[in-house]
Amino acid sequence: MTAVMLDGKTCAADLEENLKSRIKACDVTPHLAVIIVGDDPASHVYVRNKIRSCERLSIKSTHLEFPENTPQIDIEKTIQQLNDDDSLHGILIQSPLPSHMDEESLTDLIDPEKDVDGFHPTNLGRIVQGRLDGMIPCTPAGVMEMLRWGNVELSGKKAVVIGRSFNVGMSQSLLLAAKGSDATVTIVHSRTKDVQQECLAADIIIAAVGRPEMVQPSWVKEGAVVIDVGINRVEDATRERGWRLAGDVHPDVANIASIMSPVPGGVGPMTVAMLMANTVTAAERFSQRK
Ligand code: NAP
């Protein structure tokens, strides 16, 4: 079997087309503020990609860059100002923050209506309640959109999510199990006894571990759907830059799975597209409240 590849770029482009008409119909220009602290090169690439997406969609973006040694209180004050600024609808803090900062308490300060990452406890709590009309974390929301786009049936299927981070694995598990999606979900983590056996029982595997190519072909049931969330840099002397991107799933899984998502070009573009979708939703809600 050779898996059909879910092309995240095409799926994201379809989503953007739909967003363009929502933006046109909205009587405010959606506006996203991105806070970045420090010099992490990968974070700067991610922020550039997000700003480029904003430009493509005519979403206004404000990029706030702070040096590595910025005191936490300065970021707290910035968040308060952004919360109070009616001209902007979304606030995102690019992760990771420098080690002297408490990311959780900064996230708690963001107005949940402007929390386009969906990481505020109010928004995460809403998912537990089955209220899926709020700000849903972009990566798991992107995976759900991709599965819908690929016509993957979820109801009654056995899904295994590898990883239980609040931003990816745990939220993903809740979304798959939610009413309407109706998968039967197993959450696998670093203390799980036999990850391979859990995966072999799955109709759908979502890998969000951060371990390059961990999911091997021998872990996958013939015809399973495999979504690879992982983004890992691995050394590769054959590349000019000395490294390449690898997912959490071995590429040979494509010989066993029926549907698979590639890395790069799978979940990554969907994450950015869902950030744009959350920003547009936040602007629409602001305009309705006015
Ligand atoms: P994370 O916070 O480090 O969480 C990793 C999870 O994997 C943890 O729950 C951990 O278990 C589990 N784990 C680690 N080793 C394991 C093992 N050997 N067997 C089973 N489970 C294991 O990472 P994350 O933020 O969720 O991200 C996961 C991956 O997705 C990373 O590669 C990241 O770069 C990528 N990512 C991609 C996007 C995108 O847009 N495509 C967005 C976000 C993240 P414990 O809880 O027990 O420690």
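For the structure itself, look to the data block above.
Residues numbered from 1 in each chain as written. Predicted model: local features only at pLDDT ≥ 70, side-chain atom pairs only at ≥ 80, totals over all residues. Heavy atoms only, no water.

Asker: Tell me about the site of the ligand, residues and numbers included.
Answerer: Taken together, 21 residues surround the ligand, and among them Arg164, Ser165, Ser190, Arg211 and Thr271 come closest. Arg211 is positioned such that a nitrogen or oxygen atom in its side chain is 2.9 Å from a nitrogen atom of the ligand. Here an oxygen atom of the ligand sits 3.1 Å away from a polar atom, N or O, in the main chain of Ile231. Taken by itself the ligand offers 930 Å² of open surface, and the protein chains cover 70% of this. If one sorts the elements of the shell around the ligand by residue count, helix H9 (residues 267-289) sits on top with three residues. Each residue belonging to the shell around the ligand can be placed in one class, and the counts come to eight nonpolar, 11 polar and two charged. (Near = heavy atom within 4 Å. Polar contact = N/O pair within 3.5 Å; in protein donor to acceptor, adjacent residues only side chain to side chain. Areas by Shrake-Rupley, 256 points an atom, 1.4 Å probe, with all protein chains shown as cover. Helix = DSSP H or I, 4+ residues; strand = E, 2+ residues; numbered from the N terminus. Nonpolar A, V, L, I, M, F, W, Y, C, P; charged D, E, K, R; others polar.)

Asker: Any details on the side chain of Thr107? Residues and values, ideally.
Answerer: When you line up the elements, Thr107 lands in helix H4 (residues 103-109). In this structure, Thr107 is in contact with Ile93, Phe119 and His120, ignoring residues within four places of it in sequence. (Contact = heavy atoms within 4.5 Å.)

Asker: Break down the environment of Gly230 for me, with residues and values.
Answerer: Within the fold, Gly230 resides in the loop between strand S8 (225-228) and strand S9 (232-235). By relative accessible area, which is 5% here, Gly230 ends up buried. Sequence separation of Gly230 and Ser58 is 172 residues, and the distance between their C-alpha atoms is 29 Å. (Buried < 20%, exposed > 50% of the residue type's maximum accessible area, 1.4 Å probe, protein only.)

Asker: Hey, could you go over a nonpolar patch on the surface for me, with residue numbers and the actual values?
Answerer: On the surface, a cluster of nonpolar side chains totalling about 310 Å² of accessible area is made up of Val128, Met170, Leu174 and Ile187. Structurally, Met170 can be placed in helix H7 (residues 169-177). (Patch = residues over 30% accessible without salt bridge, like charges linked within 9 Å, V, L, I, M, F, W, Y side chains within 5 Å. Salt bridge = Lys/Arg side-chain N within 4 Å of Asp/Glu carboxyl O.)

Asker: Hey, could you go over the environment of Gly163 for me, with residue numbers and the actual values?
Answerer: Among the structural elements, Gly163 can be located in the loop between strand S5 (158-162) and H7. Placed 25 residues apart in sequence, Gly163 and Val188 show a C-alpha to C-alpha distance of 5.9 Å. Apart from the residues lying within four places of it in its own chain, the contact partners of Gly163 are Gly169, Met170, Ile187, Val188 and Ala208.

Asker: Explain the pattern of salt bridges to me, and be specific about the residues and the numbers.
Answerer: All told, the structure shown has 10 salt bridges when counted by the stated rule. As a salt-bridge pair, Glu213 and Arg244 come within 3.3 Å of each other at their nearest N and O atoms. Taken as a pair, Glu213 in the loop between strand S7 (204-207) and S8 and Arg244 in strand S10 (residues 243-246) lie far apart in primary sequence, 31 residues in all. Take Glu213: its relative accessible area is 17%, and that puts it in the buried class. With a shortest N-O distance of 3.5 Å, Arg239 and Asp236 are connected by a salt bridge. Under the relative-accessibility criterion, Arg239 is labelled partly exposed at 40%. Ionic contacts of the salt-bridge type, sharing partners, join the residues Glu213, Asp236, Arg239 and Arg244 into one network.

Asker: Give a description of the sheet that holds strand S2 (residues 31-37) that names residues and reports values.
Answerer: Taken in spatial order, the three strands of this open sheet run S3-S2-S4, and their pairing is parallel. What marks the edges here is a single partner per strand, and that holds for strand S3 (60-66) and strand S4 (90-93). Pairs of neighbouring strands in the sheet enclose a mean axial angle of 15 degrees, with direction left out of account. Relative to S4, S2 runs parallel, the two sharing four bridges. The residue bridging Ile35 from the neighbouring strand is Ile93, located in S4. In this fold helix H3 (residues 72-84) packs onto S2, S3 and S4, with an angle of close to 180 degrees to the strand it touches most, S2. (Pairing = 2+ DSSP bridges. Axes fitted to C-alpha atoms, helices over the stretch in contact; angles between N-to-C directions.)

Asker: Give me the lowdown on the side chain of Ser261, citing residues and values where you can.
Answerer: Note that Ser261 resides in the loop between strand S11 (259-260) and H9. A distance of 2.9 Å separates a polar atom in the side chain of Ser261 from the backbone nitrogen of Asp228. The residues touching Ser261, leaving out its near neighbours within four places in the chain, are Met5, Leu6, Met146, Val226, Ile227, Asp228 and Val267.

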